[in-house]
Amino acid sequence: MSNRRSFDVELADLKQDILRMASLVEQSIYKAMEALLNQDPLIAKGVITGDDAIDRLRYEVENNCIRLIATQQPMARDLRVIVTGIKILTNLERMGDHAVDIARAAMCVCGRMPTKPLERIPQMARMVQHMVKDGLDAYVHGDVEKARQMCAMDDEVDEIYNLTFQNLISYMEANPHSIPCVVYLLLVARYLERLADRATNIGEDVIYLVTGEWHELN
Amino acid sequence: MENKITIRNLNLYYGDLQALRDVNLDIQERQITALIGPSGCGKSTFLRVLNRMNDLIEGVRVEGRVLLDGEDIYGPDVDVVQLRKRVGMVFQRPNPFPMSVYDNVAYGPRIHGQKNKRRLDEIVEASLRAAALWDEVADRLFHSALGLSGGQQQRLCIARLLAVEPDVVLMDEPTSALDPISTLRIEELLQELKNNYAIVIVTHNMQQAARVSDVTAFFLNGEIVEAGETHKLFTKPRDQRTEDYITGRFG
Ligand SMILES: Nc1ncnc2c1ncn2[C@@H]1O[C@H](COP(=O)(O)OP(=O)(O)OP(=O)(O)O)[C@@H](O)[C@H]1O
Ligand SMILES: [Mg+2]
């Protein structure tokens, strides 16, 4: 097999690895929200222990990227594929960490959650999941337009976050006994807001991959 | 920035074969311009246009304009010997003359009329220093240049060229016959020389072009497909053909 051919195979593998990592992270976020909404500590635990696999995969794939840079001295699109690959991996790994954060918060509220204050957290979570999915679709298809649209959703998430934050504070003022529980919901809202930022970063990476230019979309 | 050399609508024919097509390029002072492209695309031909070395080849016809500091080098009053002094060339294989190290470097100045022994000594030392060779040959200036290593010979050829105080240095694959260490020394040397000269280098080594040059021009079938800042050309080329070439997907 020619050098170029085997390099192409490795670049294709890299894409597959990133998608594999992304699907683990998507699942992790999904499960963390399920743990919170169903108040299920077992599911939360699963998310926390599952994060090791995500971390391992991240280092494995990142090492691969470094090896490709050292051995292939990539140029042009090849270079951008690998550089954005590393950045997307980093973002995904952090997203996995936020899923763990949410799972931890879920364990803290389990069994004592008042029904009302979930507020718009489920809606925020759906939007975040949507953004992550669109970000990865944009990555797979090199779709700049989709990446842009996805990044635009970040503003909406921010708005819902601010609203939710206010509402939860008011709720705690009115129901001081709920504070030890609701304060974790504040954190969850914050983690979701950070997840949306990470998804936006992936959108920026996709735009760089395709156009060779960085656009700050946050 | 001032253009050192301005090339406009350049066509070149070897008899019936058109080797360069409508080439336009600006070569700037204190910059290294790299020429890349597949074998036979016209890089060496183009380089030879810049000091009229093609004049020595039977049946060559050149159209278009090549301005050195604004003056057409193909104009009727141009002194070609003087032109080649201003626009010097280093070749792929080091080609020292079969004489001493000293005489190799003094050769050009002597031809151009320098007879003063003291002055020649100064020129030889300064040129060898500028070519980063002085320390290695100071104690064998009067030994044959053919006894030097390949990398040393190539630096000697550069010293020989610098001795006649050119404005522009042309290099045709100057390191392709050298080992990696000698190659790095020449590349470091280029970075120093670029403070005083406009340098044009042909290289088949993409990493070398990316490492050393400020501007890169990609030639294909006698045309410039794309020319621009090196870092841009190697991270996001504008033309798909450039992309294919620099990523090794060509053909
Ligand atoms: N003296 C010559 N007479 C006739 N044709 C020539 C002559 N020199 C070069 N050519 C032709 O002109 C074209 C360009 O050749 P040139 O040597 O400039 O290519 P190059 O880009 O320097 O290639 P390489 O990378 O192999 O050195 C080729 O088709 C070549 O065959
Ligand atoms: Mg050549």
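Bear in mind that the values here come from a model prediction, so they are computed numbers and not experimental data.

**Student:** Explain the sheet that holds strand S2 (residues 17–28) of chain B to me, please; I cannot follow it from the model alone.
**Tutor:** Strand pairs in the sheet, formed through backbone hydrogen bonds, run parallel or antiparallel to each other. All names here are of chain B. Read across the open sheet, the 4 strands follow the order S2-S1-S4-S5; overall the sheet is antiparallel. For this open sheet the edge positions go to S2 and strand S5 (71–72), each flanked by a neighbour on one side alone. Two strands pair when backbone bridges link them, and strand S1 (residues 3–14) and strand S4 (residues 60–68) are joined in this way by 8 bridges, in the antiparallel orientation. Paired with Asn11 across the two strands is Glu63, which belongs to S4.

**Student:** When you look at the packing of aromatic side chains in this model, what are you seeing that I'm missing?
**Tutor:** To describe a pair of aromatic rings, you give the distance between the ring centres and the angle between the ring planes. Applying the stated rule across the entire model yields 6 aromatic pairs over all chains. Taking 5.0 Å as the distance between ring centres and 20 degrees as the angle between the ring planes, the aromatic pair formed by Phe218 of chain B and Tyr245 of chain B counts as stacked. Here Tyr245 of chain B lies in helix H10 (residues 240–246) and Phe218 of chain B lies in strand S9 (residues 215–220), a separation of 27 residues in the sequence. Since its relative accessible area comes to 0%, Phe218 of chain B is described here as buried. In this structure, Arg58 of chain A is placed above the aromatic ring of Tyr59 of chain A, and the distance from its NZ or CZ to the ring centre is 4.7 Å. If you follow Arg160 of chain B out to its NZ or CZ, it ends over the ring of Phe97 of chain B, 4.0 Å from the centre.

**Student:** Sorry if this is basic, but what is going on with the pattern of salt bridges here?
**Tutor:** Opposite charge on two side chains permits pairing when their charged atoms draw close. Residues and elements named next belong to chain B. Summed over the entire model, instances satisfying the criterion amount to 32 salt bridges over all chains. Where Arg119 meets Glu122, a salt bridge forms, and the shortest distance between an N and an O atom there is 2.9 Å. You can see Arg119 and its partner Glu122 sitting in helix H4 (residues 117–130), 3 residues apart, about one turn around the helix. What makes Arg119 partly exposed here is its relative accessible area of 34%. Across the salt bridge formed by Glu136 and Arg155, the nearest N and O atoms sit 2.9 Å from each other. Placement of the pair is Glu136 in helix H5 (residues 134–137) and Arg155 in helix H6 (residues 150–162), with a sequence separation of 19 residues. When salt bridges that share partners are traced, they join Lys4, Glu29, Asp69, Arg86 and Asp167 into one network.

Rules used in this analysis
- Residues numbered from 1 in each chain as written.
- Chains lettered and ligands numbered in written order.
- Predicted model: local features only at pLDDT ≥ 70, side-chain atom pairs only at ≥ 80, totals over all residues.
- Heavy atoms only, no water.
- Pairing = 2+ DSSP bridges.
- Helix = DSSP H or I, 4+ residues; strand = E, 2+ residues; numbered from the N terminus.
- Phe/Tyr/Trp six-rings, centres within 6.5 Å; stacked < 30°, edge-to-face > 60°.
- Buried < 20%, exposed > 50% of the residue type's maximum accessible area, 1.4 Å probe, protein only.
- Lys NZ or Arg CZ within 6 Å of the ring centre and 35° of its normal.
- Salt bridge = Lys/Arg side-chain N within 4 Å of Asp/Glu carboxyl O.

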